[in-house]
Amino acid sequence: MADQAVSHSHAPAYPWWLQPFATVVILSAFVVYSIWAALQGRGYVAPYLSPFYSPPVSFRGIPISPAFWVVWVPAGFRATCYYYRKAYFRSFFRDPVSCMIPESRAQYAGETKLPFILNNLHRYMLYLAVIVLAFLWRDTFDAFFFNGQFGVHLGSLLFLVNVLLLSGYTFGCHALRHLVGGNLDCFSCARGGRVRYRFWQWVNPLNYRHAFWAWASLFSVSFVDIYIRLLLAGAITDPRLF
Ligand code: FES
């Protein structure tokens with residue numbers, strides 16, 4: 001009876017299929033929206049540069065939206081993320097639906113074949129994502145200056161929230177946690193152990209809530225781009241707060 005009481009107390013208050021269904025809907029919508037936004041070819045309204053278009057890259061004579069030169073980095077970073085892998089393997093492929101349910105395939109090949117073998121590139125995507133994140137921080141700084149004057153508009157705050165969420169997501173990465181604290185039995189015995197221990201302590205709380213940062217930053221990055229598109233279309237104005 002006691003065991004039953006414990007297991008019931010952990011049962012979710014919603015149907016089991018709701019979570020994978022929501023994952024499929026939200027991730028599909030995000031992919032479709034990202035492709036659409038990248039195809040627009042424009043992502044700037046002073047002083048805001050869409051995160052899909054940062055850093056701005058273009059090559060003369062090549063008629064490709066500037067977003068396509070950069071958006072593969074955050075896209076690849078998310079697609080190979082350990083958390084998202086769990087989410088999309090379970091929800092899109094039912095492979096498996098959850099920990100207690102057997103594999104749906106007769107033979108499990110792991111991530112040893114294309115395209116999923118590319119998931120092993122995650123740590124390299126992390127290095128590139130950190131570079132892109134640095135540009136996003138610069139864009140956020142620029143979002144507080146209007147014709148050279150400091151000001152705080154609604155868009156400025158959206159940029160700040162977005163880059164904080166993206167930083168929480170990036171610096172809570174499992175690969176980063178392994179980089180600073182992995183392969184060690186003893187911090188104090190290792191070269192640079194004190195610094196690594198300090199970094200490891202910073203990464204841990206972010207890593208513990210990695211799913212939160214993953215979803216929150218997914219929404220914020222979309223929302224910032226939508227805000228910029230509404231400004232570009234003249235559908236809204238950008239209110240000054242201070
Ligand atoms: Fe999710 Fe690296 S594990 S970003």
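Residues numbered from 1 in each chain as written. Predicted model: local features only at pLDDT ≥ 70, side-chain atom pairs only at ≥ 80, totals over all residues. Heavy atoms only, no water.

### Concerning the nonpolar core
Inference 1: Phe52, Phe77, Tyr83, Tyr84 and Tyr169 are the most contacted members of the largest nonpolar core, which totals 39 residues.
Inference 2: Mapped onto this core, the elements with two or more residues apiece are α2 (18-39), α4 (72-79), α5 (82-92), α6 (122-142), α7 (154-170), α8 (174-181) and α10 (210-232).
Inference 3: Counting nine residues, the second largest nonpolar core, distinct from the first, contains Leu158, Phe159, Val224 and Tyr227. (Core = buried A, V, L, I, M, F, W, Y, C linked by side-chain atoms within 4.5 Å. Buried < 20%, exposed > 50% of the residue type's maximum accessible area, 1.4 Å probe, protein only. Helix = DSSP H or I, 4+ residues; strand = E, 2+ residues; numbered from the N terminus.)

### Structural notes on the state of the cysteines
Inference 1: Taken as a whole and assessed by the stated rule, the structure comprises one disulfide.
Inference 2: Between Cys186 and Cys189 runs a disulfide, and the two sulfur atoms are separated by 2.0 Å. Looking along the S-S bond of the Cys186-Cys189 disulfide, the torsion reads about 75 degrees, which is the right-handed sense.
Inference 3: Judged by its relative accessible area of 25%, Cys186 is partly exposed.
Inference 4: Look at Cys189 and you get exposed, because its relative accessible area is 59%. (Disulfide = S-S within 2.5 Å.)

### Comments concerning the side chain of His210
Inference 1: Relative to the elements of secondary structure, His210 occurs in helix α10.
Inference 2: When neighbours within four sequence positions are excluded, His210 is seen to be in contact with Cys81, Tyr83, Tyr169, Gly172, Cys173 and His174. (Contact = heavy atoms within 4.5 Å.)

### A look at the packing of α7 against α10
Inference 1: One way to put it is that α7 packs onto α10 with a least axis distance of 8 Å and a crossing angle of 150 degrees. Relative to α10, α7 is oriented roughly antiparallel. The interaxial crossing formed by α7 with α10 has left-handed handedness. Each of Leu154, Gly155, Leu158, Phe159, Asn162, Leu164, Leu165, Leu166, Gly168 and Tyr169 in α7 lies in contact with α10, whose residues at this interface are His210, Phe212, Trp213, Ala214, Ala216, Ser217, Ser220, Val221, Phe223, Val224, Tyr227 and Ile228.
Inference 2: Class assignment for the residues of the contact of α7 with α10 results in 16 nonpolar, six polar and no charged. (Axes fitted to C-alpha atoms, helices over the stretch in contact; angles between N-to-C directions. Parallel < 35°, antiparallel > 145°, perpendicular 65-115°, else oblique. Left-handed = near helix turned anticlockwise from the far one by under 90°. Nonpolar A, V, L, I, M, F, W, Y, C, P; charged D, E, K, R; others polar.)

### Looking at α2
Inference 1: Helix length check: α2 (22 residues) gives 32 Å between terminal C-alpha atoms against 32 Å at 1.5 Å per residue, within 8%.
Inference 2: Those residues of α2 not exposed but buried are Thr23, Leu27, Phe30, Tyr33, Ser34, Ala37 and Ala38. Projected onto a plane normal to the axis of α2, the buried residues spread over an arc of 130 degrees and lie on a single side. Opposite the buried face of α2, at more than 90 degrees from it, the exposed residues are Val32 and Leu39.
Inference 3: Those residues of α2 that are buried lie in contact with α3 (67-70), α5 and α10. (Expected span 1.5 Å × (residues − 1). Arc of directions from axis to C-beta.)

### Thoughts on the environment of Phe93
Inference 1: Within the secondary structure, Phe93 sits in the loop between α5 and α6.
Inference 2: Looking at Phe93, the relative accessible area reads 39%, which means it is partly exposed.

### Details of the pattern of salt bridges
Inference 1: In this structure the tally under the stated criterion is three salt bridges.
Inference 2: Glu111 is paired through a salt bridge with Arg85; the nearest N and O atoms lie 2.6 Å apart. Linking Glu111 in the loop between α5 and α6 with Arg85 in helix α5, this pair joins segments that are 26 residues apart in sequence. Of the two residues, Glu111 and Arg85, both sit in the buried class.
Inference 3: With a closest N to O distance of 3.4 Å, Arg138 and Asp139 form a salt bridge.
Inference 4: By relative accessible area, which is 39% here, Arg138 ends up partly exposed.
Inference 5: For Asp139, a relative accessible area of 4% corresponds to the buried category. (Salt bridge = Lys/Arg side-chain N within 4 Å of Asp/Glu carboxyl O.)

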